[in-house]
Amino acid sequence: MERIDKILAKSGYGTRREVKRLLKEGRVELAGEIITDGGLKVSLQSINQISVDGNQAEIHNSLTFMLNKPPGFITALTDTRHDTIAEFIPQKWQNKGLVPVGRLDKDTEGLLLLTNDGQLSHRICSPKWGIEKEYHLITQGRPFDQQDVEKFAQGFKILDGTEFKPAKLELVDGFEAYLTVCEGQYHQVKRMAKSTGREVKYLKRIRIADLELDPDLAPGEIRILTEAERTKLYSACRLAD
Ligand code: URA
């Protein structure tokens, strides 16, 4: 049994105060009955009978957001010297325990997930679960060729002993490519490129598992994942949502 205001707040319907207002305005129903008391306790079995504005409520124990990270911000929530991605998290989501899933470098842009589901985050990042991350990159130096595609496909070890697992390199031309990796080692894409004689000038993450960066999300914009996106992500990570 859990309070209805807490259930709704946890599921992303707003802060406790916003949820209180929803209830007061008569917009929340349980089994067809308008509920105005946020303290009402709802059993697990009745949770799927909650509706908001006439639609069945989407109830979750965790929140996950997609941010289109612009370059120039570090993937941290606080820092004394650099601008951080925290400034893209609206105030009302700031005390929800959201943390970034993995890390994009300061100059890297694109798809960054934030979640308060530790298990989800762990599975996306851990090489054990093999979750794909796809990057669009533009390089300078030696042009890419078919030999690189083969080398990346096999996986390789660099001089400092780091081993990179097989990755899919798709060339647009000698300097532009898409790279899909299934792990998240420190500066992975840049180090893979560097060890084969080139420098990454531009790097953008465009996909995690089947979840693509929303093309309508401008740099710096953040939004909650849709139900369909959550389903894709949780099933790729073999987790129940
Ligand atoms: N690989 C990198 O080198 N940098 C990133 O930000 C992400 C992957």
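Criteria and cut-off values
- Sequence positions are assigned chain by chain, starting from 1 and proceeding in written order.
- Note on the predicted model: pLDDT of at least 70 is required for a residue's local features to be given, and 80 or more for side-chain atom pairs to be given and counted; whole-chain, interface and lining totals, by contrast, use all residues.
- Values reported for side chains reflect all heavy atoms of the structure, with hydrogen atoms and water molecules removed beforehand.
- The classification of residues rests on relative accessible area computed with a 1.4 Å probe and restricted to protein chains. Under 20% of the type maximum is buried, over 50% is exposed, and intermediate values are partly exposed.
- Note on conventions: DSSP H or I runs of at least 4 residues are helices, E runs of at least 2 residues are strands, and numbering of each starts at the N terminus.
- Pairing between strands is defined by DSSP: at least two bridges between them are needed.
- By convention in this text, a residue qualifies as near a molecule or strand provided that one of its non-hydrogen atoms is within 4 Å of it.
- We define a polar contact as two N or O atoms separated by no more than 3.5 Å, with the added condition that, inside protein, one atom must be a possible hydrogen donor and the other a possible acceptor, whereas residues neighbouring each other in sequence contribute only through side-chain atom pairs.
- Working definition of accessibility: Shrake-Rupley area with a 1.4 Å probe, residue cover restricted to the visible protein chains.
- Each residue is assigned to one of three groups, with Ala, Val, Leu, Ile, Met, Phe, Trp, Tyr, Cys and Pro labelled nonpolar, Asp, Glu, Lys and Arg labelled charged, and all others, Gly among them, labelled polar.
- Marked domain ranges trace back to an automatic or database domain assignment.
- Buried area is calculated as the accessible area (1.4 Å probe) missing from two parts once they are joined, with the contributions of both summed.
- We define a salt bridge as a side-chain nitrogen of Lys or Arg found within 4 Å of a carboxyl oxygen belonging to Asp or Glu.

A. Fine view of the pairing of strand S9 (residues 109–115). Taken across its seven residues, S9 has seven buried, putting it largely inside the fold. Bridge count for strand S7 (residues 64–69) against S9 is six bridges, and the pairing is antiparallel. If you follow Leu 67 over to S9, its bridge partner there is Leu 112. Across two bridges, S9 lies against strand S15 (residues 198–208) in parallel orientation. The residue of S15 that forms the bridge with Gly 110 is Arg 205.

B. How the structure looks around the site of the ligand. In the neighbourhood of the ligand, the contacting residues comprise Leu 104, Asp 105, Thr 108, Tyr 135, His 187, Gln 188, Val 189, Lys 190 and Leu 203. Taking His 187, its main chain carries an N or O atom lying 3.2 Å from an oxygen atom of the ligand. In this structure, an oxygen atom belonging to the ligand sits 3.0 Å away from a main-chain N or O atom of Lys 190. When the ligand sits alone it has 230 Å² of accessible area, and the protein chains cover 96% of it. Among the elements that line the shell around the ligand, the one with the most residues is helix H5 (residues 188–195), at three residues. For the shell around the ligand, the residue count by class is four nonpolar, three polar and two charged.

C. Expanded view of the domain arrangement of the chain. Parsing the chain into structural domains produces domain 1 (2–56) and domain 2 (64–236). One C-alpha centre belongs to domain 1, the other to domain 2, and the line joining them spans 36 Å. When domain 1 packs against domain 2, the two sides together hide about 320 Å² of surface, and 57% of this comes from carbon and sulfur. It is Gly 12, Thr 15 and Glu 18 that lose the most area in domain 1 upon contact with domain 2, and together they represent 68% of the buried surface on that side. Taken together, the links from domain 1 to domain 2 amount to one salt bridge. Measuring nitrogen to oxygen at the nearest pair gives 4.0 Å for the salt bridge that ties Glu 18 to Lys 92. Applying the counting rule to domain 1 against domain 2 returns one residue pair in polar contact (both at pLDDT 80 or more).

D. Quick look at the pairing of strand S14 (residues 176–181). Sheet topology places strand S10 (residues 133–141) next to S14; six bridges connect them, and they run antiparallel. Residue Glu 134 lies in a different strand from S14, and its bridge partner there is Thr 180. Pairing analysis gives four bridges linking strand S13 (residues 168–171) to S14, with the strands arranged antiparallel. Paired with Lys 168 across the strands is Thr 180, a residue of S14. Where S13 folds back on S14, the antiparallel hairpin that results is connected by four residues.

E. Focus on the sheet that holds strand S3 (residues 33–34). In space, the four strands of this open sheet follow the order S3-S2-S5-S6, with antiparallel pairing throughout. Edge positions in the open sheet fall to S3 and strand S6 (55–56), since each of these has one partner strand only. Examined bridge by bridge, strand S5 (residues 50–52) and S6 share two bridges and lie antiparallel to one another. Bridge pairing in S6 places Ser 51 opposite Gln 56.

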